[in-house]
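Breakdown of the fold
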Amino acid sequence: MPYSYDYLAAALRCSRCGREGGALDMITRLRPVPELASLGVGDPLPVTTDNAVRSGYLALREPTPGEPTVLLHVWTCPHCAYAFNWAEVMVRDNVIEAIRPADLTQAVLGSAHFIVDDAREVAADLAGMTSSLDLDDDAVVAVLRDKLPEI
């Protein structure tokens, strides 16, 4: 049976309760043949702009040659169920180099290349909207850049 996604997995510290636990709900569709695999540091993960956008990520900026590609993912704490934690997933030469917790700020957004579609709801909330349906990809990115805290 073919699958439509894999998971990114790491032990991360929750921004709400402070406990470390397995962030196991970060879904990715980047691999050409997903297997419901749990992917972590050292695992292959092919990332190109076309592939990322086709896989449901919002493009923030193009990676420059030689820098790792940074994906921003939301994850849920297994201890307190806080569902608005963020992680930076760094990929260099199509291999996961690091997965670490991150605060969703303008600085973090500025260092990343792609962000998961869950950011639509964050943008709608920041814009005072009850629904993200009226926000296209460019509007989501613009709201995040304008309204997220600087640091």
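This report concerns the structure included in the present document. (Residues numbered from 1 in each chain as written. Predicted model: local features only at pLDDT ≥ 70, side-chain atom pairs only at ≥ 80, totals over all residues. Heavy atoms only, no water.)

1. Examining the sheet that holds strand β8 (residues 114-115)
For clarity, the cut-off: Whether two strands pair depends on DSSP finding at least two bridges between them. In this text, helices come from DSSP runs of H or I with a minimum length of four residues, and strands from runs of E with a minimum of two, each type numbered from the N-terminal end.
Reading across the sheet, the five strands line up as β4-β8-β5-β6-β7 and stay open at both edges, with mixed pairing between neighbours. Each edge of the sheet is formed by a strand with only one pairing partner; in this case those strands are β4 (58-59) and β7 (95-102). By the bridge criterion, seven bridges tie strand β5 (residues 69-75) to strand β6 (residues 85-92) in an arrangement that is antiparallel. Looking across to β6, one finds that threonine 69 is bridged to valine 91.

2. Quick notes on helix α3 (residues 119-126)
Note the following rule: Think of it in three bands: with a 1.4 Å probe and only protein chains considered, a residue is buried below 20% of the maximum accessible area for its type, exposed above 50%, and partly exposed in between. Our arc is simply the arc of the directions from the helix axis toward the C-beta atoms. Contact criterion: two residues are considered in contact whenever any of their non-hydrogen atoms come within 4.5 Å of each other.
Those residues of α3 not exposed but buried are Ala119, Arg120, Ala123 and Ala124. The arc that holds the buried residues of α3, viewed along the axis, is 140°, so those residues lie on one side. Here the buried face of α3 lies against β4, β6, β8 and α4 (137-147). Glycine 128 lies just past α3 and shows a positive phi near 75°.

3. A few points about the pattern of salt bridges
Our working rule: For this analysis, a salt bridge means a side-chain nitrogen from Lys or Arg found within 4 Å of a carboxyl oxygen belonging to Asp or Glu.
Applying the stated criterion to the full structure yields eight salt bridges. For arginine 61, the salt bridge goes to glutamate 67, with nearest N and O atoms at 3.2 Å. The salt bridge involving aspartate 137 is made with arginine 120; its shortest N-O contact spans 2.1 Å. Highlighted residues: aspartate 137 in helix α4 and arginine 120 in helix α3, separated in sequence by 17 residues. Of the residues examined, aspartate 137 reaches a relative accessible area of 35% and is grouped as partly exposed. A relative accessible area of 16% means that arginine 120 is categorised as buried. Look at the salt bridges and you will find they share partners, linking Asp6, Arg31 and Glu35 into a network.

4. Structural notes on the environment of alanine 87
Secondary-structure assignment places alanine 87 in strand β6. Its relative accessible area of 0% is what places alanine 87 among the buried residues. For the pair alanine 87 and glutamate 97, spaced 10 residues apart in sequence, the C-alpha separation works out to 13 Å. Not counting residues within four places of it along the chain, the set of residues in contact with alanine 87 comprises Leu12, Met26, Leu71, Leu72, His73, Trp75, Ile99, Arg100, Pro101 and Ala102.

5. Some details on the packing of α3 against α4
Condition: Whenever a helix is involved, its axis is fitted only over the stretch in contact; in every case the axis is a line through C-alpha atoms, and angles between N-to-C directions fall within 0 to 180 degrees. For this classification, under 35 degrees means roughly parallel, over 145 means roughly antiparallel, 65 to 115 means roughly perpendicular, and everything else is oblique. For a crossing to be left-handed, the near helix must be turned anticlockwise from the far one by less than a right angle; the clockwise case is right-handed. Polar here means any residue other than Ala, Val, Leu, Ile, Met, Phe, Trp, Tyr, Cys and Pro, which are nonpolar, and Asp, Glu, Lys and Arg, which are charged; Gly is therefore polar.
Remark: α3 packs on α4, axes separated minimally by 9 Å, with the N-to-C direction vectors making an angle of 60°. When the axes of α3 and α4 are compared, the pair comes out oblique. Considering the relative orientation of α3 and α4, their crossing is left-handed. Taking contact as the criterion, the partners of Ala119, Arg120, Val122, Ala123 and Leu126 in α3 are, on α4, Asp137, Val140, Val143, Leu144 and Lys147. Of the residues in the contact of α3 with α4, the class split is seven nonpolar, no polar and three charged.

6. What about the sheet that holds strand β3 (residues 38-39)?
Taken together, three strands build an open sheet; the order of strands is β2-β1-β3 and the sheet is mixed. The open sheet has two edge strands, β2 (20-28) and β3, and neither has a second partner. Examined bridge by bridge, strand β1 (residues 6-13) and β2 share seven bridges and lie antiparallel to one another. When the sheet's bridge partners are listed, aspartate 6 is paired in β2 with threonine 28.

7. Here's the deal with α4
Under the convention used in this document: Distance and chemistry together define a polar contact, namely a pair of N or O atoms within 3.5 Å, with one atom able to donate a hydrogen and the other to accept it when in protein, and with adjacent residues in sequence counting only for side-chain atoms on both sides.
Every buried residue of α4 is listed here: Val140, Val141, Val143 and Leu144. Projected onto a plane normal to the axis of α4, the buried residues spread over an arc of 160° and lie on a single side. In α4, the exposed positions angled more than 90 degrees off the buried face are occupied by Asp138 and Asp146. Looking at where α4 begins, the residue whose side-chain oxygen comes 3.2 Å from the main-chain nitrogen of aspartate 138 is aspartate 136.

By themselves these figures say nothing about function.
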